[in-house]
Amino acid sequence: MNTPAISPRPAGRFYIRQGHRTGNPKDPLQKAASDLFGILEAAGYRSLNPRSLPGRAGKLADIALRLLNIVLRVRRGGVLVFNLPANHRFMQAVHLLKRLIGFKLVVHCYDMESLRYSTPMQLSPRERQTMNWCDVVLTPSANSEAILRPLGVTAACIPVQVWDYLHPQDVTCPQGDGRVAFAGNPRKAAFLAELCELRTAFTVWAQDYQTPHPNVQALGVAALPENLAQLARSGWGLVWDGESIDGQRLGPLGQYTRVMTTHKGGLYLAAGLPLIVWSQGGMAPFVRDNRIGICVDSLRELDEVLPALPAEDYAQLRRNAGELAGRIRPGHFLTQALRRAEVLLSP
């Protein structure tokens, strides 16, 4: 998809920096947040966050200074971007300033906490209200709008489609070792315990993960930039979450991937790996449309599907993923969604 033509810039573009700041450089969540803010900066958005102060008093001062920065810097017709999850009381104040000043409000759905563990999926009244205060919601996937509309979201939706993964170098390689790589938190991936039931060879990139199964190799944290070249030698990247290797038994966390995409998808694509995704997950339409992998109902299918896949078909999937890596690594997809939002919000 080509980036749409851009109308004249709005009166100032800003963002409120939120997200996971653990102080641990090996934390993949910190990489996801860092990439998000880096792409916003490269797209011309400026942070309204003051320098953080320690303690509870520092947090209160931080909130007050953010609101003051909005008053002083964001003009009528300007654009302010924030991400979910967000403090609801703070967003009430931002909404009031939006009405008084007349700027445009855009939310990026980093996470939707009330959907994560609810069965059936339900938005909390606060998250729904926060989204509806916005002019544009940057949704994770092509599936998201169809799921969010019945849950009461009325704001305009623009899908980002996939997480970008910023990296300065092309680490893609034309061939892989045939193994299926999984990068993620084992505490959120109970299905890993069932991989021993399969013949397919897996490599699990996770901190402090050990496995007794001969078909599962355990390595370090793939989200570290220095490990990306090693990850690129894998055969596939697995986007899967939840309780089971069977799509019908994923549990709430797995069902959450119907609406969300995961940062690990961008990680694999930055390494040029074709993807294996759940057929009903948020990334499935993107994988099918771009021919960058396979969609399965259950990981049990891999024992039959992967050996039967013709070599030339796999080579084409890998070439397609490698070409897409050239857009993932500089932040193309979030930038494109921001530009589409600017066009939609322009007078």
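Above this text sits the structure in question.
Numbering of residues starts from 1 in each chain and follows the order in which that chain's sequence is written. Reporting of local features is limited, given that this is a predicted model, to residues whose pLDDT is at least 70; pairs of side-chain atoms are given and counted only at 80 or more, and all residues count toward the totals for whole chains, interfaces and linings. By convention in this description, side-chain values take in all heavy atoms of the structure and omit both hydrogens and water.

Turning to the pairing of strand β3 (residues 79–84), a few remarks are in order. On a regular strand, one side chain projects to one face of the sheet and the next to the other, so that they alternate. Each residue's exposure class comes from its accessible area (1.4 Å probe, protein chains only) as a fraction of the maximum for that residue type: buried when under 20%, exposed when over 50%, partly exposed otherwise. Only DSSP runs of H or I covering at least 4 residues are called helices, and only runs of E covering at least 2 are called strands; the numbering of each starts at the N terminus. In terms of burial, β3 is largely enclosed, as 6 of its 6 residues are buried. Call a crossover right-handed when, viewed with both strands pointing away from you, the route from the first strand across the helix to the second goes clockwise. As for the winding sense of the linkage, the β-α-β connection from β3 through helix α3 (residues 88–101) to strand β4 (residues 104–109) is right-handed.

The next point concerns the sheet that holds strand β6 (residues 156–159). The sheet built from 6 strands is open, its strands ordered β2-β1-β3-β4-β5-β6 with parallel pairing. Looking at strand neighbours, the two that pair on one side only are β2 (46–47) and β6, the edges of this open sheet. At least two DSSP bridges between two strands are needed for those strands to be called paired.

Turning next to the pattern of salt bridges. What makes a salt bridge here is a side-chain nitrogen of Lys or Arg within 4 Å of a carboxyl oxygen of Asp or Glu, nothing more. Taken as a whole and assessed by the stated rule, the structure comprises 15 salt bridges. A salt bridge links Arg 300 to Glu 197; the shortest N-O distance between them is 2.9 Å. Taken as a pair, Arg 300 in the loop between β12 (293–296) and α11 (302–308) and Glu 197 in the loop between β7 (180–183) and β8 (202–205) lie far apart in primary sequence, 103 residues in all. A relative accessible area of 35% places Arg 300 in the partly exposed class. Note that Arg 199 is salt-bridged to Glu 304, the shortest N-O span being 3.4 Å. Of this pair, Arg 199 sits in the loop between β7 and β8 while Glu 304 sits in helix α11; the two residues are 105 residues apart in sequence, bridging distant segments of the chain. An identical accessibility class is assigned to Arg 199 and Glu 304; each is exposed. Look at the salt bridges and you will find they share partners, linking Glu 194, Glu 197, Asp 246, Arg 249 and Arg 300 into a network.

Most of helix α9 (residues 263–270) is tucked away, with 8 of its 8 residues classed as buried. For α9, every residue scored as buried is listed here: His 263, Lys 264, Gly 265, Gly 266, Leu 267, Tyr 268, Leu 269 and Ala 270.

So, about the state of the cysteines. Two cysteine sulfur atoms form a disulfide, by the criterion used here, when they sit within 2.5 Å. For the coordinates displayed, the defined rule picks out 0 disulfides. Its sulfur unpaired, Cys 157 is 7.7 Å from the next cysteine sulfur, which belongs to Cys 109. Judged by relative accessible area, which is 14%, Cys 157 ranks as buried.

The subject of this paragraph is unusual backbone geometry. In this model, Leu 84 is joined to Pro 85 through a cis peptide bond whose omega is 5°. Despite not being glycine, Gln 161 has its phi angle at roughly 85°, a positive value. Residue placement: Gln 161 occurs in the loop between β6 and β7. Its relative accessible area of 18% is what places Gln 161 among the buried residues. A positive phi angle, close to 50°, is found at Arg 291, a residue other than glycine. Mapped onto the elements of the fold, Arg 291 is located in the loop between α10 (284–290) and β12. A residue is classified by how much of its surface remains accessible, and Arg 291, at 47% relative accessible area, is partly exposed.

As a further point, take the sheet that holds β8. Spatially, the 6 strands line up as an open sheet ordered β9-β8-β7-β10-β11-β12, and their pairing is parallel. Of all the strands in the sheet, the pair left with one neighbour each is β9 (216–219) and β12. Going across the sheet, the axis of each strand differs from the next one's by a mean of 25°, ignoring polarity. With 4 bridges joining them, strand β11 (residues 275–278) and β12 adopt parallel strand pairing. Directly across from Ile 276, in β12, lies its bridge partner Ile 294. Lines fitted to the C-alpha atoms define the axes, with helices restricted to the stretch that makes contact. Angles between their N-to-C directions range from 0 to 180 degrees.

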